[in-house]
Amino acid sequence: MIKKRKRSPAELAAIKRYYAQRNNVPQQRVEAPYPHFRYYRVSRHPALIVGEQISDSNKPEYRYRKVMHSDKDGRHNNERVFPNPDPRDKEPMYIGTRVRHDSKEKFEPKPLPWIYKKGKKK
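Residues numbered from 1 in each chain as written. Predicted model: local features only at pLDDT ≥ 70, side-chain atom pairs only at ≥ 80, totals over all residues. Heavy atoms only, no water.

Describing the overall build of the protein chain
Secondary structure assignment for the protein chain yields one helix and eight strands. Secondary structure elements in the protein chain, listed N-terminal to C-terminal, are α-β-β-β-β-β-β-β-β. Against the globule reference of 14 Å for 122 residues, the protein chain gives a C-alpha radius of gyration of 20 Å, more extended than a compact globule. Taking the principal axes of its C-alpha atoms as reference, the protein chain extends roughly 65 × 45 × 25 Å. A total of 122 residues make up the protein chain; the buried ones form 31% of that total. At a minimum sequence separation of 6, the contacts of the protein chain that also span at least 24 residues come to 56%. Counting every atom, the protein chain has about 9,400 Å² of accessible surface; 53% of that belongs to carbon and sulfur. If you average the places of the 31 positive and of the 14 negative side-chain charges in the protein chain, the two averages end up 6 Å apart. (Helix = DSSP H or I, 4+ residues; strand = E, 2+ residues; numbered from the N terminus. Rg over C-alpha atoms; globule rule 2.2 N^0.38 Å. Buried < 20%, exposed > 50% of the residue type's maximum accessible area, 1.4 Å probe, protein only. Contact = heavy atoms within 4.5 Å. Areas by Shrake-Rupley, 256 points an atom, 1.4 Å probe, with all protein chains shown as cover. Lys, Arg positive; Asp, Glu negative; His and termini not counted. Charge placed at Lys NZ, Arg CZ, Asp CG, Glu CD.)

Focus on a nonpolar patch on the surface
Taken together, the side chains of Leu 12, Ile 15, Tyr 18 and Tyr 19 define a hydrophobic patch exposed on the protein surface, amounting to about 380 Å² of accessible area. Note that Tyr 18 resides in helix α1 (residues 9-23). (Patch = residues over 30% accessible without salt bridge, like charges linked within 9 Å, V, L, I, M, F, W, Y side chains within 5 Å. Salt bridge = Lys/Arg side-chain N within 4 Å of Asp/Glu carboxyl O.)

What about the pairing of strand β3 (residues 60-68)?
Pairing between strand β2 (residues 45-54) and β3: seven bridges, direction antiparallel. Along β3, the bridge assignment pairs Gln 53 with Glu 61. Where β2 folds back onto β3 in an antiparallel hairpin, the turn is made up of five residues, including Asn 58, whose phi is positive at roughly 60°. Sheet topology places β3 next to strand β8 (residues 100-103); four bridges connect them, and they run antiparallel. (Pairing = 2+ DSSP bridges.)

Considering the pattern of salt bridges
Side-chain pairs of opposite charge can arise where the charged atoms are in close proximity. All chains considered together, the criterion is met by eight salt bridges. Asp 73 is the salt-bridge partner of Arg 100, the closest N and O atoms lying 3.3 Å from each other. On the criterion of sequence distance, the pair formed by Arg 100 in strand β8 and Asp 73 in strand β4 (residues 72-73) is long-range, its members being 27 residues apart. Each of the two residues, Arg 100 as well as Asp 73, counts as buried.

Observations regarding the nonpolar core
One finds Phe 37, Leu 48, Val 67, Val 81, Met 93, Ile 95, Leu 112, Trp 114 and Tyr 116 forming the largest nonpolar core, which totals nine residues. Apart from the residues lying within four places of it in its own chain, the contact partners of Tyr 116 are Pro 35, Phe 37, Leu 48, Arg 65, Glu 79, Val 81 and Ile 95. Of all hydrophobic cores here, the second largest spans six residues; its members include Tyr 40, Ala 47, Tyr 62 and Phe 107. (Core = buried A, V, L, I, M, F, W, Y, C linked by side-chain atoms within 4.5 Å.)

So, the environment of Lys 106
On the secondary structure map, Lys 106 appears in the segment after β8. You can call Lys 106 partly exposed: its relative accessible area is 36%. For Lys 106 and Lys 6, which are 100 residues apart along the polypeptide, the C-alpha to C-alpha distance reads 40 Å. Excluding anything up to four places from it in sequence, Lys 106 contacts Tyr 39, Tyr 40, Arg 41 and Val 42.

Side note on the side chain of Arg 100
Look at Arg 100 and you get buried, because its relative accessible area is 18%. For Arg 100, the side chain forms a polar contact with the side chain of Asp 73, separated by 3.3 Å. (Polar contact = N/O pair within 3.5 Å; in protein donor to acceptor, adjacent residues only side chain to side chain.)

If you want it as structure tokens, here you go:
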């Protein structure tokens, strides 16, 4: 069994400062032409960003559509995108027809490298 080395309080304080500084650095938001894909942090799934708007409280928001593998979202039919823009996924992608909106902070700052090719509706 290898014995772990104890760290001094000064070393621990330096490590804490390093991680606090690293986690507080905001990433620069990368703008991209619409439509494009970004990860939606709330659902931890990608979303198709179709535009932006200003909310009633004067905060910038993205207008987006949900991305899924199901051909229906409740009673709404989804748009089928084939081939899937995500090269790791072989199943066809479905995009919900309803447009939603949420704050820009709830999306990843960098867009995904996928290209949206409008597919046929199923």
